[in-house]
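Structural overview for review
Okay, here's what each chain looks like letter by letter:
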Amino acid sequence: MLLGRDHELKELNDLYAQHDRGIILLSGPLYVGKTELMTWFLSGKQGEYFYAKSCTDTRQLKLFSKTLVGDEMTFQAWDEALGTLATYPATEKHVLVIDEFQNIQRSDNHFLDALKRTWEHKLQHCQWLILLVTSSEAFLEMEFYGSKRQYDKMLIKHIKLGEIGSFDMAAFFPLLDAEGWVKCYSLLGGNPWLLRRWKVHLDFEEQIRKVLLAKESGFHLWVDGYFNKELRETQV
């Protein structure tokens, strides 16, 4: 069950129905449910999902090639890789999700230029809906919207995913009483990834001590992930 994202899922499906082609930007904090939303959106559609790791450009291209064409070949450049989308049947609508796409741009700062060229010159008659997904607000501000190359002009929509509301959060824990529900939301907010780590059989103090503040806990991983997404030099 997809909790608290009915509005965003409907918006994505409406855009899919209304547009034969387009690029959508989906942004939101780390662990807020973007990937799960993409999984639901892709269900029943002709589509490919690619998660961009933090790695070298050579490795990135190899992984992207495997997603699109398997072991058949490895693309040598992003113009070549993205240009392959033009070979898909033009009579069918396709979806490509590139999750954490800022990692590609950071390994090769020509990726967005290649996407822009391909979109304007090779895919103008193709039915592709491309979703660019990111957890890095700093990247969007400085390198996407802040670029003189006007990457944002490619977009038909920018959807910002926030935390789920308190009433949607309650659906995670239908057996919690009112006091437990308030304490849980006051501590974790509406972050689905953290909410799933809440242990209903523990009391409030044990939750904090044994689950949230323990080494390798939800909070520790969330903070580490946040700094890795927002800072280039994470040792600072």
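Our structure's up above, just so we're on the same page.
Residues numbered from 1 in each chain as written. Predicted model: local features only at pLDDT ≥ 70, side-chain atom pairs only at ≥ 80, totals over all residues. Heavy atoms only, no water.

1. A few points about helix α11 (residues 204–212)
Just so we agree on the cut-off: Exposure categories follow from relative accessible area, calculated using a 1.4 Å probe and restricted to protein chains: below 20% of the type maximum is buried, above 50% is exposed, and the middle band is partly exposed. Labels follow the DSSP assignment, with helices taken as runs of H or I lasting at least four residues and strands as runs of E lasting at least two, numbered in each case from the N terminus. Each C-beta atom gives one direction from the helix axis, and the arc is the one those directions make.
The complete set of buried residues in α11 reads Q207, V211 and L212. End-on view of α11: buried residues confined to an arc of 70°, all on one side of the axis.

2. Points about the packing of aromatic side chains
Put simply, the rule reads: The rule is short: rings of Phe, Tyr and Trp, with Trp giving its six-membered ring, pair when the centres are within 6.5 Å, and they are stacked under 30 degrees, edge-to-face over 60, tilted in between. Geometrically, a charge over a ring is one whose NZ (Lys) or CZ (Arg) sits within 6 Å of the ring centre while staying within 35 degrees of the ring normal.
Evaluated as defined, the whole model comprises nine aromatic pairs. Pairing F101 with F139 gives two aromatic rings, centres 5.4 Å apart and planes at 80°, and the pair type is edge-to-face. Residue F101 is found in the loop between β3 (94–99) and α5 (102–107), and its partner F139 is found in helix α7 (residues 137–144); the two are separated by 38 residues along the sequence. By relative accessible area, which is 0% here, F139 ends up buried. On the basis of an interplanar angle of 35° and a centroid distance of 6.1 Å, the ring pair of F144 and Y151 is categorised as tilted. Sitting above the plane of the W119 ring, R21 keeps its charged end 4.0 Å from the centroid. Cation over ring: K93 sits above Y16, and NZ or CZ is 4.5 Å from the ring centre.

3. Looking at the pattern of salt bridges
Under the convention used in this document: Note on definitions: salt bridges are taken to be side-chain nitrogens of Lys or Arg within 4 Å of carboxyl oxygens of Asp or Glu.
Counted according to the given criterion, the structure contains eight salt bridges. Across the salt bridge formed by R5 and E8, the nearest N and O atoms sit 3.6 Å from each other. Neither R5 nor E8 differs from the other in exposure class; each is buried. A salt bridge links E120 to K116, with the nearest nitrogen and oxygen atoms 3.1 Å apart. Linking E120 with K116, this pair stays in helix α6 (residues 111–121), spanning four residues, or about one helical turn. Here E120 falls in the partly exposed class, since its relative accessible area comes to 40%.

4. Some remarks on the nonpolar core
The following threshold applies: In this text, buried Ala, Val, Leu, Ile, Met, Phe, Trp, Tyr and Cys residues form a nonpolar core when linked through side-chain atoms within 4.5 Å.
Residues F64, I98, F101 and F144 are the most contacted members of the largest nonpolar core, which totals 34 residues. For this core, the elements supplying multiple residues, two or more each, are β1 (22–27), α3 (57–69), α4 (78–83), β3, α6, β4 (128–134) and α7. By residue number, the principal contributor to this core is α6, which donates five residues. Counting 19 residues, the second largest nonpolar core, distinct from the first, contains Y16, L26, V95 and L129.

5. Examining the packing of helix α9 (residues 178–188) against α11
Here is the rule we go by: Whenever a helix is involved, its axis is fitted only over the stretch in contact; in every case the axis is a line through C-alpha atoms, and angles between N-to-C directions fall within 0 to 180 degrees. Helix crossings get a hand from a simple test, with the near helix turned counterclockwise from the far one by less than a right angle marking a left-handed crossing and a clockwise turn marking a right-handed one. Two residues form a contact once any of their heavy atoms are found within 4.5 Å. Three classes are used: nonpolar for Ala, Val, Leu, Ile, Met, Phe, Trp, Tyr, Cys and Pro, charged for Asp, Glu, Lys and Arg, and polar for all others, with Gly counted as polar.
Viewed as axis vectors pointing N to C, α9 and α11 meet at an angle of 35°, and their least axial separation amounts to 11 Å. For the element pair α9 and α11, the recorded crossing hand is right-handed. In this structure, α9 contributes K183, L187 and L188 to the contact, and α11 contributes F204, I208 and L212. Taken together, the residues of the contact of α9 with α11 break down into five nonpolar, no polar and one charged.

6. So, the side chain of Q102
Rules: Under the rule applied, a polar contact is a pair of N or O atoms within 3.5 Å (in protein, one hydrogen donor and one hydrogen acceptor; residues adjacent in sequence only if both atoms are side-chain atoms).
Secondary-structure assignment places Q102 in helix α5. Within the local environment of Q102, its side chain forms a polar contact with the side chain of E100, the two groups lying 2.8 Å apart.

7. Quick word on the environment of T118
Within the element layout of this structure, T118 appears in helix α6. T118 sits in the buried class, given a relative accessible area of 3%. Considering only alpha carbons, one finds T118 and W40, 78 residues apart in sequence, at a separation of 27 Å. Not counting chain neighbours up to four residues away, the residues in contact with T118 comprise D79, L82, G83 and L123.

8. A word on unusual backbone geometry
Positive phi outside glycine occurs at Y31, with the angle close to 65°. Its relative accessible area of 28% is what places Y31 among the partly exposed residues. Unlike most non-glycine residues, E100 shows phi in positive territory, near 55°. One can find E100 in the loop between β3 and α5.

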